[in-house]
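Letter by letter, the chains look like this.
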Amino acid sequence: MTEPFDFEALFAADLPDGAPPWTGFAEYNFIGGHNDPDGIPVEGLIASAERVLRRRGRSLATYNLDDGPQGDGELRQFLADKLKRYRGVEASADEILITSGSNQALDLINRVMLDKGDTVIAEQFSYAGMINRLRLCGVDVVGVELDRDSLRIDRLAEVLEALADKGVTPKFIYTIPTVQNPTGTVLPLERRRELLDLSRAQGVPVIEDECYADLLWDEEWPISMRGMEGSEHVLHVGSFSKYLSPALRLGYVLAPPAVLSRLVAVKNDGGTGALTQMIVADFLAGNYDAHVAGLNDRLRRKRDAIVAALEEHFGTAAEFTAPPGGIFIWVKLPPEVDTMKLNDAALAAGVAFNPGPVWATDAEPAKNYLRLCFANPSEEQIAAGVAKLAEVCHRETGVPAQSANVSR
C-alpha cells in the first residue's frame, strides 16, 4: 500500500488552518448573518425566474449578459434608483460594480488599496469578517472607541493626530454607520458630517459599509455619507444578503471611476452569477418596498422576543440596548465572564453565539461581550435558546446569579 501523498509540504506560506468538517448548525443558532427563512419571497422569486428567463434568457450565452464586467445593467440601475430614493446618493449605474456578496467588494477594495505594513482605522467593535481580512493583508488595524451614538469623532481626531505625529497616514477608515455591526447603533447626521470633513481634511478615504441600512424600523433612515456634499472620497459598499437572501451572494460597491476601473481589473472571476442577478433585479423592481416592510415587521418581533428573553433569563447581568434595526444584539456581561471560554460550553449544549473578542480590533475590551443574531431562529427558539444560554453561563461562571428555568 502506497503512502499518502504529502500535500502539506507543498502548501503556501502563511496559509490559514484547514476548515473543520461541516457538522450542521447548533440547535439554537445565534451566529452569522443568516436571515428569517419565512421572510424569503419564494413565490415571488419563482415568478421572477420564469419571467426573466423568458425575457432575457438568450443573454446567458455570453459572459456578463452582454452588460460588461460591472454586472447586470438592470440590477445596477435598480441600485442607482434605490440609492437616490432612500440614501440620498446621486449616482449612475455606471459607477456601480456588482460583486459576489459584499465580502468580495471588501476583498477587492483591500486588494486595490492595501500593502503589507499599511495602517487602517476601524471602529473598536466591528465586522469580524473585515477585521480578519485586514489582518490577513498584514496591515495595522487601529480601533476607535464607540458610544451609544456609534463612532466617537473626537476619538477619531485624536487617533488621526497621533498617527500623523508618527508620520503615518491611514489608507482608509472603515465604518458601518447605519445599524453598526455588532453594536446596532446609528451614526447621527452631525457625526457623519464631522467624519466626512475630518477624513477629507486628512486625505483619508472612507469605506462606508451599509449592509444593514435597509433593516431600520425604529428610526428614520439617515442619509448615506456617500450622499452628502464633499463625499467624493467615500467608497460605498452594500449587500442584498440582509434584506433578501445571504445565499444568493450578491453585493455591490459604488466608487469613483479611478477606483472602479481598478476594482474591475482585479475582479478576475469571470463575473458574478448572472442568473441570480437577473432574477433579483426583476423581483426587486416591483417588490422592494413591500418586501422590506414585511421583513422588518418580522425582524422587529424577533428583536422584541430576544430582548424579552434576555431580560427574563439574565436580568441585570446582561447590559444591552435594543437595536433600532438589523438582525443582531450586542450584549455586555459582567467582567468575570470570558465569552471565548463560554463559547465552547455553550456549543456543547447546543447554543451558538459570536464571542465579543472576534468582533473587536482589540480583544481585551470585548472579553465579556457577545453578539446574538436573532433573524434565523423562530421566536420560540429564541426564548428557549436564550434560556439555555443563561443556564450554561450560570453553570460556568455564576452569571446570572440564578440559573435559567428552561421549561418556562
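The structure under discussion appears in the preceding block.
Analysis parameters
- Counting restarts for each chain, with residues numbered from 1 along the sequence as it is written.
- Predicted model: local features are reported for residues with pLDDT of at least 70 only, side-chain atom pairs are reported and counted for 80 or more only, and whole-chain, interface and lining totals are derived from all residues.
- Remark: hydrogens and water are excluded; side-chain values derive from all non-hydrogen atoms of the structure.
- A run of H or I in DSSP becomes a helix once it reaches four residues, and a run of E becomes a strand once it reaches two; helices and strands are each numbered from the N terminus.
- The globule rule used for comparison is 2.2 Å times the number of residues to the exponent 0.38, while the radius of gyration itself is calculated over C-alpha atoms.
- In what follows, residue pairs with any heavy atoms lying within 4.5 Å of each other are defined as contacts.
- All accessible areas in this document rest on Shrake-Rupley with a 1.4 Å probe, and a residue is counted as covered only by the protein chains that are shown.
- When charges are tallied, Lys and Arg are placed among the positive residues and Asp and Glu among the negative ones, while His and the ends of the chain are skipped.
- Here the site of a charge means NZ on Lys, CZ on Arg, CG on Asp, or CD on Glu.
- Burial classes follow relative accessibility: with a 1.4 Å probe on protein chains only, a residue under 20% of its type's maximum area counts as buried, one over 50% as exposed, and anything between as partly exposed.
- A strand pair is defined by DSSP finding two or more bridges across the two strands.
- Any Lys or Arg side-chain nitrogen located within 4 Å of an Asp or Glu carboxyl oxygen qualifies as a salt bridge.
- Patch membership requires more than 30% relative accessible area and the absence of a salt bridge. Residues of like charge join within 9 Å; the nonpolar side chains Val, Leu, Ile, Met, Phe, Trp and Tyr join within 5 Å.
- When the centres of two rings from Phe, Tyr and Trp lie within 6.5 Å, Trp using its six-membered ring, the rings pair. Their planes under 30 degrees apart give stacked, over 60 give edge-to-face, and anything left gives tilted.
- For every element, the axis is a line fit to its C-alpha atoms; helices are fit only across the contacting stretch, and the angle between N-to-C directions ranges from 0 to 180 degrees.
- Angles below 35 degrees are treated as roughly parallel, those above 145 as roughly antiparallel, those between 65 and 115 as roughly perpendicular, and all remaining angles as oblique.
- Charged residues are taken to be Asp, Glu, Lys and Arg, nonpolar residues to be Ala, Val, Leu, Ile, Met, Phe, Trp, Tyr, Cys and Pro, and polar residues to be all remaining types, Gly included.
- Distance and chemistry together define a polar contact, namely a pair of N or O atoms within 3.5 Å, with one atom able to donate a hydrogen and the other to accept it when in protein, and with adjacent residues in sequence counting only for side-chain atoms on both sides.

Draft legend 1. Molecular detail of the overall build of the chain. Scanning the chain for helices and strands turns up 10 helices and 14 strands. Whereas a compact globule of 408 residues would reach a radius of gyration of roughly 22 Å, the chain reaches 22 Å, a difference of no more than 12%. Dimensions of the chain along its principal axes, counting C-alpha atoms only, are 65 × 60 × 60 Å. Of all intrachain contacts in the chain linking residues separated by at least 6 positions in sequence, the fraction that spans at least 24 positions is 74%. Total accessible area on the chain is roughly 18600 Å²; 51% of this is exposed by carbon and sulfur atoms. Charge-centre separation for the chain: the mean point of 40 positive side chains lies 3 Å from the mean point of 59 negative side chains.

Draft legend 2. Looking closely at the pairing of strand S14 (residues 369–373). Across the 5 residues of S14, 5 count as buried, placing the element largely inside the fold. Across 2 bridges, the pairing between strand S13 (residues 354–355) and S14 is antiparallel. Of the residues in S14, the one forming a bridge with Pro-355 is Leu-370.

Draft legend 3. Region of interest: the pattern of salt bridges. Tallying each qualifying case throughout the model produces 33 salt bridges. One salt bridge connects Arg-298 with Asp-38, and the closest N-O pair in it is separated by 3.4 Å. Taken together, the residues Arg-298 in helix H8 (residues 274–314) and Asp-38 in the loop between strand S1 (28–29) and helix H1 (42–56) connect sequence positions 260 residues apart. A relative accessible area of 60% places Asp-38 in the exposed class.

Draft legend 4. Quick peek at a nonpolar patch on the surface. A cluster of nonpolar side chains, contributed by Phe-5, Phe-7, Leu-10, Phe-11 and Leu-15, occupies part of the molecular surface with about 600 Å² of accessible area. Locating Leu-10 in the fold gives a position in the segment before S1.

Draft legend 5. Region of interest: the packing of aromatic side chains. Under the counting rule described, the total for this entry stands at 13 aromatic pairs. When the ring of Phe-5 is compared with that of Phe-7, the centres are 4.9 Å apart and the planes differ by 65 degrees; the resulting orientation is edge-to-face. When sorted by exposure, Phe-5 lands in the same class as Phe-7, which is exposed. Judged by centre distance (4.9 Å) and plane angle (75 degrees), the ring pair of Tyr-86 and Trp-221 falls under edge-to-face. Of the two residues, Tyr-86 sits in helix H2 (residues 73–87) while Trp-221 sits in the loop between strand S8 (206–209) and strand S9 (234–239), which places them 135 residues apart along the sequence. Judged by its relative accessible area of 18%, Tyr-86 is buried. Taken together, the ring pairs connect Phe-78, Tyr-86, Trp-221, Phe-240, Tyr-243, Tyr-252 and Tyr-288 into an aromatic cluster.

Draft legend 6. Structural detail: the pairing of strand S2 (residues 96–99). Burial along S2 is two-sided: the face carrying Ile-96 and Ile-98 and the face carrying Leu-97 and Thr-99 are both buried. Both S2 and strand S10 (residues 251–254) contribute to a ladder of 4 bridges, which runs antiparallel. Along S10, the bridge assignment pairs Ile-98 with Tyr-252.

Draft legend 7. Quick look at the packing of helix H3 (residues 102–113) against helix H7 (residues 257–266). Closest axis-to-axis distance for the H3/H7 pair is 9 Å, and the angle between their directions is 105 degrees. As judged from the angle between their axes, H3 and H7 are roughly perpendicular. Residue-level contacts link Leu-108, Ile-109, Arg-111 and Val-112 of H3 to Arg-262, Leu-263 and Val-266 of H7. Grouping the amino acids of the contact of H3 with H7 by side-chain chemistry returns 5 nonpolar, no polar and 2 charged.

Draft legend 8. Helix H9 (residues 339–348), seen in detail. Along H9, the residues that are buried comprise Thr-339, Leu-342, Asn-343, Ala-345 and Ala-346. Against the buried residues of H9 lie strand S12 (351–352), S13, S14 and helix H10 (379–397). The opening residue of H9 is Asp-338, an N-cap whose side-chain oxygen sits 3.0 Å from the backbone nitrogen of Met-340.

Draft legend 9. Spotlight on the sheet that holds strand S11 (residues 328–332). Strand order in this open sheet of 3 strands is S11-S14-S13, and the pairing throughout is antiparallel. Each end of this open sheet is capped by a strand with a single partner; those strands are S11 and S13. Contacts from H8 reach S11 and S14, with the element oriented near 20 degrees to S11.

Draft legend 10. A look at the sheet that holds strand S4 (residues 140–144). Here 7 strands make up an open sheet; going across it, the order is S2-S10-S9-S8-S7-S3-S4 and the pairing mixed. Each edge of the open sheet carries a strand with a single partner, namely S2 and S4. Sheet twist, expressed as the average angle between the axes of neighbouring strands with direction ignored, equals 20 degrees. In this structure, S9 lies alongside S10, joined through 4 bridges in antiparallel fashion. Note that in S10 the partner of His-236 across the bridge is Leu-254.

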